[in-house]
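# Geometric and topological summary
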Amino acid sequence: MYANDINSEQDKRLIHIGQINVPRPHAIEVNEPVAMYTISTATVDFTFDANYYSEYTIHLVGEYVEMDYFVYTPVVYIPVATFGEIVDIYIESEDCGSYYGVLDKTAFTSME
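Owing to the predicted nature of the structure, the values given are computational and were not obtained by experimental measurement.

## A closer look at the packing of aromatic side chains
Overall, the coordinates contain 3 aromatic pairs when judged by the stated rule. A ring pair is formed by phenylalanine 46 and phenylalanine 48, whose centres lie 6.3 Å apart and whose planes are at 20°; its orientation type is stacked. For the residue pair phenylalanine 46 and phenylalanine 48, the accessibility class agrees, reading buried in each case. Seen in terms of ring centroids, tyrosine 90 and tyrosine 100 are 4.9 Å apart; in terms of plane orientation they differ by 45°. Their pairing is tilted. Taken together, the positions of tyrosine 90 in strand E8 (residues 86-92) and tyrosine 100 in strand E9 (residues 98-104) put the pair 10 residues apart, joining distant regions of the chain.

Shown next, in the form of structure tokens:
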């Protein structure tokens with residue numbers, strides 16, 4: 001009955017990820033990764049450049065869990081419910097730059 005509300009864009013929040021290591025020059029421009037937090041499923045969706053996704057590794061650090069994820073597809077869904085309220089996100093690559101961001105789940109719990 002409420003599937004439309006759960007699957008709506010209002011349920012997704014952008015996680016700001018900043019570059020911490022500049023990428024090496026490429027023949028074409030490499031799109032920066034994008035991370036979105038889905039509140040209803042406690043999942044982080046990562047979207048990478050369709051040509052260079054395999055260059056990245058995701059390292060997540062929470063209060064209760066620490067995890068490395070090797071990227072095999074341009075879109076990755078990682079459940080973060082067990083990580084605690086704050087999750088540090090490191091997206092690392094030798095050639096495509098490295099990024100860092102913080103997911104603060106408590107910032108998204110207020111009713112809007």
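Picking up where we left off.
## Remarks on the environment of alanine 81
Tracing the sequence through the fold places alanine 81 in the loop between strand E7 (75-79) and E8. Its relative accessible area of 55% is what places alanine 81 among the exposed residues. Separated by 37 residues in sequence, alanine 81 and valine 44 place their C-alpha atoms 9.8 Å apart. Apart from residues lying up to four places away in sequence, alanine 81 is in contact with Ala42 and Lys105.

## As for the sheet that holds strand E4 (residues 43-47)
Spatial ordering of the open sheet is given by E1-E3-E4-E7, a layout of 4 strands whose pairing is antiparallel. Either end of the sheet is taken by a strand with one partner, and the two such strands are strand E1 (12-15) and E7. Ignoring strand direction, the axes of neighbouring strands in this sheet form an average angle of 25°. Where strand E3 (residues 34-38) meets E4, 5 bridges bridge the pair, whose relative direction is antiparallel. Of the residues in E4, the one forming a bridge with tyrosine 37 is valine 44.

Parameters at a glance
- Residues numbered from 1 in each chain as written.
- Predicted model: local features only at pLDDT ≥ 70, side-chain atom pairs only at ≥ 80, totals over all residues.
- Heavy atoms only, no water.
- Phe/Tyr/Trp six-rings, centres within 6.5 Å; stacked < 30°, edge-to-face > 60°.
- Buried < 20%, exposed > 50% of the residue type's maximum accessible area, 1.4 Å probe, protein only.
- Helix = DSSP H or I, 4+ residues; strand = E, 2+ residues; numbered from the N terminus.
- Contact = heavy atoms within 4.5 Å.
- Pairing = 2+ DSSP bridges.
- Axes fitted to C-alpha atoms, helices over the stretch in contact; angles between N-to-C directions.

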